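# Residue-level structure breakdown
Below are the chains, spelled out letter by letter.
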Amino acid sequence: MGAPLPTPLQIRTTVDARDRPLRDLRISVLDRCNFRCPYCMPADQYPEHHPFLQRQDLLSFEEIERLARVFVGLGVRKLRLTGGEPLLRRDLPLLVGMLAAIPGVEDLALTTNGVLLPRLAESLRAAGLRRLTVSLDALDPAIFRRLSGDRGEVAEVLAGIAAAERAGFAAVKINCVVMRDVNEDEVLSLAAHFRGSGHLVRFIEYMDVGTLNDWRAERVVPSAELLARIAARWPLRAVDAGYRGEVAQRHAYADGAGEIGFISSVSAPFCGDCTRARLSADGRLYTCLFARDGFDLRKALRGGDDDAALATLIADRWSLRDDRYSERRAELRNTPRDRVEMYHVGG
Ligand code: SAM
Ligand code: SF4
Ligand code: SF4
């Protein structure tokens, strides 16, 4: 990870209208994907010829690194690369190396569907990536295939996780989005598969991100229900949050076989501790996963703004931030409005 900041005076703490500091930045490196998960990029809405961003629309690695430095100057300590599928971005390990070298970055992670890890895990690790999250919604091949939008095989993702282990990634986070009547019965097999492996499976409530995934409340499986099912098989005890803003509620197996986590943004929203900014692949800043629109930082970057001007733009934007969609879901859900799609802001 990068060297410590030369002087603490260079660090600003930027808080929003609800007193939430800016601590994390999720960077989407492209909006394309080799999957079509129905909860994110449903195949009928996103055919192969869908007008995804073109190369000139994407921030270059230099532009991403420059913005990341500015965000770090405003208090960001954690960076996460995401997408679309981030491993489809050419030469990604180069970007990882550039971000790992930024002084003040304490944590650099990446979220992927895992298919390209056998090719890339080693070079990502060598470039300075320290933490990996791999999405895996089912172990049953047919259910997995359905949840990949008929694009992927579960064996490829398991091979990706094995490649990550060989490359030195310990404690991989495994993300599983649970949908009622689709993969809820996979939860016990996933827990069984990863118990004792050192990896942490996190079950995520299906969210109403964007407007195209046909979300319905009855398709959400509340975490409490999953917790009860798993605890009936393997007794669990709750683990205290490790830090402010930890989104997953963790539970440890009583027999010492590791932990599992639940991300319950529908049944137990955590907006009060949300310290995340999101940067889309075309350089828009989003202050919430459910935001209508993002603020165009690419225009400022390409228009010649210097770092101080960029910092002021971002800090101003953050200080106005009042988002708390998940806490207000019931009230806002039925107000028709646009919302950014998940694959633009990367989850
Ligand atoms: N393509 C990569 C992947 O799937 O890991 C990174 C981007 S993906 C948008 C990031 C995370 O968002 C994944 O773990 C995915 O399962 C999750 N996700 C996408 N749509 C979701 C939804 N509607 N509700 C909950 N999680 C969702
Ligand atoms: Fe692609 Fe990830 Fe969205 Fe699935 S969740 S469609 S893998 S971006
Ligand atoms: Fe953060 Fe918005 Fe999610 Fe609330 S709804 S936790 S503010 S991203």
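Note that the coordinates shown come from a computational prediction; the quantities given were computed from them, not determined experimentally.

### Examining the site of ligand 2
Close to ligand 2 lie C33, F35, C37, Y39, C40, M41, G84 and N113. Residues of the shell around ligand 2, tallied by class, amount to 6 nonpolar, 2 polar and no charged.

### Observations concerning the side chain of E341
As for its placement among the helices and strands, E341 is situated in the loop between α10 (329-332) and α11 (342-345). Despite its burial, E341 remains without a salt bridge, the nearest opposite charge being carried by R339 at 7.4 Å. Of the polar contacts made by the side chain of E341, one reaches the backbone nitrogen of T211; its length is 2.8 Å. Other than its neighbours up to four places away in sequence, E341 contacts C40, Y46, V209, G210, T211 and L212.

### Concerning the site of ligand 3
Close to ligand 3 lie F270, C271, C274, R278, C288, L289, F290, R321, D323, Y325 and S326, which account for all nearby residues. A breakdown of the residues in the shell around ligand 3 according to their chemical character gives 7 nonpolar, 1 polar and 3 charged.

### With respect to the pattern of salt bridges
Summed over the entire model, instances satisfying the criterion amount to 27 salt bridges. Residue R180 is joined to E225 by a salt bridge in which the shortest nitrogen-to-oxygen separation is 2.7 Å. Residue R180 is found in the loop between β5 (173-178) and α6 (187-194), and its partner E225 is found in helix α7 (residues 223-233); the two are separated by 45 residues along the sequence. Of the residues examined, E225 reaches a relative accessible area of 28% and is grouped as partly exposed.

### Details of the pairing of strand β3 (residues 107-112)
Most of β3 is tucked away, with 6 of its 6 residues classed as buried. At this point the chain moves from strand β2 (residues 78-82), through helix α2 (residues 92-100), to the parallel β3, and the crossover so formed is right-handed. Across 4 bridges, β3 lies against strand β4 (residues 131-135) in parallel orientation. What sits directly across from L110, in β4, is L132. In this view, the connection linking β3 to its parallel neighbour β4 by way of helix α3 (residues 117-127) has right-handed handedness.

### Considerations on the packing of aromatic side chains
Counted according to the given criterion, the structure contains 8 aromatic pairs. Both rings, one in F52 and one in Y343, keep their centres 6.1 Å apart while their planes meet at 80°; by these two values the pair is edge-to-face. Remark: Y343 occurs in helix α11 and F52 occurs in the loop between β1 (24-28) and α1 (61-73); sequence separation between them is 291 residues. Their ring planes at 15° and their centres at 4.2 Å tell us that F290 and Y325 sit as a pair that is stacked. Remark: Y325 occurs in the loop between α9 (307-319) and α10 and F290 occurs in the loop between β11 (284-286) and β12 (295-296); sequence separation between them is 35 residues. In terms of burial, F290 and Y325 fall into one category: buried. One aromatic cluster is present, formed by Y46, F52 and Y343 through successive ring pairs. Seen from the ring of F169, R125 lies directly overhead, with NZ or CZ sitting 5.0 Å from the centre.

### What to know about the sheet that holds strand β7 (residues 236-239)
Strand order in the open sheet formed by 12 strands is β7-β8-β9-β6-β5-β4-β3-β2-β1-β10-β11-β12, and the pairing between neighbours is mixed. Two strands in the sheet have a free side with no partner beyond their single neighbour: β7 and β12.

Conventions we followed
Residues numbered from 1 in each chain as written. Chains lettered and ligands numbered in written order. Predicted model: local features only at pLDDT ≥ 70, side-chain atom pairs only at ≥ 80, totals over all residues. Heavy atoms only, no water. Near = heavy atom within 4 Å. Nonpolar A, V, L, I, M, F, W, Y, C, P; charged D, E, K, R; others polar. Helix = DSSP H or I, 4+ residues; strand = E, 2+ residues; numbered from the N terminus. Buried < 20%, exposed > 50% of the residue type's maximum accessible area, 1.4 Å probe, protein only. Lys, Arg positive; Asp, Glu negative; His and termini not counted. Salt bridge = Lys/Arg side-chain N within 4 Å of Asp/Glu carboxyl O. Polar contact = N/O pair within 3.5 Å; in protein donor to acceptor, adjacent residues only side chain to side chain. Contact = heavy atoms within 4.5 Å. Right-handed = clockwise from strand over helix to strand, strands pointing away. Pairing = 2+ DSSP bridges. Phe/Tyr/Trp six-rings, centres within 6.5 Å; stacked < 30°, edge-to-face > 60°. Lys NZ or Arg CZ within 6 Å of the ring centre and 35° of its normal.

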